Structure formats: C-alpha cells, structure tokens
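Below, each chain spelled out in residue letters.
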Amino acid sequence: MIETQVSKGIITTYFDKLQNNLDLDVAIVGGGPSGIVAAYYLAKAGLKVAQFDRKLSPGGGMWGGAMMFNQIVIQEEAMHIVKDFDINYEAFEDGLYTIDSVESTSSLLYHAVHAGATIFNCYSVEDVVFKNNVVSGVVVNWTPVLREGLHVDPLNIMAKCVIDGTGHDSEMCKVVARKNGIQLDTATGGVIGERSLDVVEGERMVVEGTREVYPGLYVCGMASSAVAGTPRMGPIFGGMMLSGKKVADMIIEKLKK
Ligand code: 48F
C-alpha cells in the first residue's frame, strides 16, 4: 500500500541517516551562515560532518537581512565564497556587493547538503561530551522536548571536533566554560579572571575570531563574541562567511594530517 510505503520510506531512511551520523569528524552546533559555510567546505574536503539547528528552518539570522530588509551587503574579501556558492550578486559601491538574502541562505544550505554534509533541524544541542578533558561530541535532544520541558533523555553524538556556531549566545562556549570553572563576562563578552578559554592565541576581531577555544571546541561567527569580547553588531554576513571558511580550513588541516 502506498501509504505504508511512504511512512516506511521516511522512517527507514531517516534512521539510516541518524545512525550514519553517530560518529563524526565534525559536529557543527547551529545552522547560521558561518556554520553552514563551514559545513560546506568540510564536507567538500571529504570529512564527515553534521550540523544541528534547533529551528525548523536553519539559516539563522541570514534570512532577514537587516531589520527584515532581505538584502545583504558583502565586502570584496568574501566574494570568493559568494562565487563558490553560485549566488547572484550586484556591485554596489567602494568594493561592496549586494546579494538577496533568501537566495543566498537557500544556496548555502543547498550546497552544504549537496557536498555531503547532513543537516538535522529541530535538534537542540544541550551539552557537550568530554573525553579526557577534550570536547569529543554533542548531546542532542528534540527542540520540542526541551520547549515542553518533557522528562526525556538526550542522545550522544561523538565527533573529533565540535564547532560552536550558535550565534550571539555562544552556547557551547558557555557550557564548556561553566564545566571547567572558567568565568565568561556575559554582559560584554570576554573572559574574566586568570583562566582563559583560549588555548590558541587568536585575533580579537569577529571576522577573524575563529579558533580552537578549548581542546576539541572551535568557534565561528558571532559565537566568538562570548570569548573574544566582541560587541553585538549589525549585519556583517561576509565576515560570517569568512569565519566559517576559516574554521573549516583549520579543521581540515588538523584532521587531514
Ligand atoms: O545567529 P546565527 O545566524 O549565527 P552566525 O553564523 O551568524 C550571525 C548572523 O546571522 C547575524 C550577525 C551578522 O552580523 O550578527 O546575527 O554567527 O545562527 C545561529 C544558529 O544557531 C542555532 C540557532 O537556531 C541559529 O539558527 N542555535 C543556537 N543555539 C543552538 C542552536 C543550540 N544549542 N542547538 C542547536 N542550534
């Protein structure tokens, strides 16, 4: 019966997909522009990568441009990424270009999945797995379970590297900081006290704010703000894309050695 086949097709292929992603090279938390760009380049390099976003529609803050004006301004330095994703663009002025936010968000998502990344939507990452004090995976649950406050245990997904791409809230950085007695200044961003989240010295600008902030944990996009002390700022999506590519390049170099 066709009804049964439809249900069976969805269930069997979904659980195959989930099972196939229990052991990853890279788990990306958050499906904003920086994380999706990272997913694309990592998958293209042949790494096994899955991305988890708590919303029904991944894409983070990119769909709405600024103030829901769905256009995005990109600086020259990020245009090679726009071209890699085959996004239409128009020259604006002084080395700036404009792209359509709906076309570009869907294009990022399409190319990431097409390159071999798996995106799980409606998944909230609520914790990380530590092995020998190295971040070695993520703890996931259905977003509706958490929203309803249901008493349901999560699942573990193991990964050689975890990327925090959760945007302004820097959720994974905060979890790792809390578990290790590291104090983050949540009002302004930045680390308080002597213990630093940094194990690798890095630049402080958000565009350049991509680094391994704790063994096994990398950060990209606006999630850098909690550890780098970067203020909240307006739409700099070219910076988000550059940050995603940079974290991907760092991890590719590390894992392909
Ligand atoms: O905020 P977001 O778009 O992250 P981003 O890649 O880009 C920032 C820009 O959109 C914009 C900006 C540019 O100047 O400032 O804000 O840094 O997307 C973050 C995504 O992470 C998801 C959330 O639903 C969003 O789609 N997310 C956040 N926390 C979790 C999560 C979590 N714990 N588990 C799963 N997904």
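Residues numbered from 1 in each chain as written. Predicted model: local features only at pLDDT ≥ 70, side-chain atom pairs only at ≥ 80, totals over all residues. Heavy atoms only, no water.

S.K.: So, the environment of Gly-238: which residues are in play, and what are the values?
M.R.: Structurally, Gly-238 is set in helix H8 (residues 237-255). Once the C-alpha coordinates of Gly-238 and Ile-74 are considered, the two residues, 164 residues apart in sequence, prove to be 5.0 Å apart. Among residues more than four places away in sequence, those in contact with Gly-238 are Ile-74, Gln-75 and Ala-78. (Helix = DSSP H or I, 4+ residues; strand = E, 2+ residues; numbered from the N terminus. Contact = heavy atoms within 4.5 Å.)

S.K.: Could you give me a rundown of the UniProt feature "binding site: NAD(+)" (unreviewed entry) in the protein chain, with the residues and numbers involved?
M.R.: According to UniProt, the feature "binding site: NAD(+)" (unreviewed entry) maps to Ser-34, Gly-61, Val-125, His-151, Val-152, Asp-153 and Met-222 in the numbering used here. From the list above, the largest pocket is lined by Ser-34, Gly-61, Val-125 and Met-222. Looking at the secondary structure, you find Ser-34 in helix H2 (residues 33-44). Ser-34 sits in the buried class, given a relative accessible area of 4%. Turning to its location among the elements, Val-125 is positioned in strand E7 (residues 123-131). For Val-125, a relative accessible area of 7% translates into the label buried. Residue contacts for Val-125: discarding those within four places in its chain leaves Val-29, Phe-52, Val-138, Val-139, Val-140, Glu-171 and Met-172. (UniProt positions renumbered as here; feature names shortened; annotations may be inferred. 1 Å grid on protein atoms, 1.4 Å probe; cavity = no way out; pocket = protein on both sides within 12 Å on 5 of 7 lines; lining within 4 Å. Buried < 20%, exposed > 50% of the residue type's maximum accessible area, 1.4 Å probe, protein only.)

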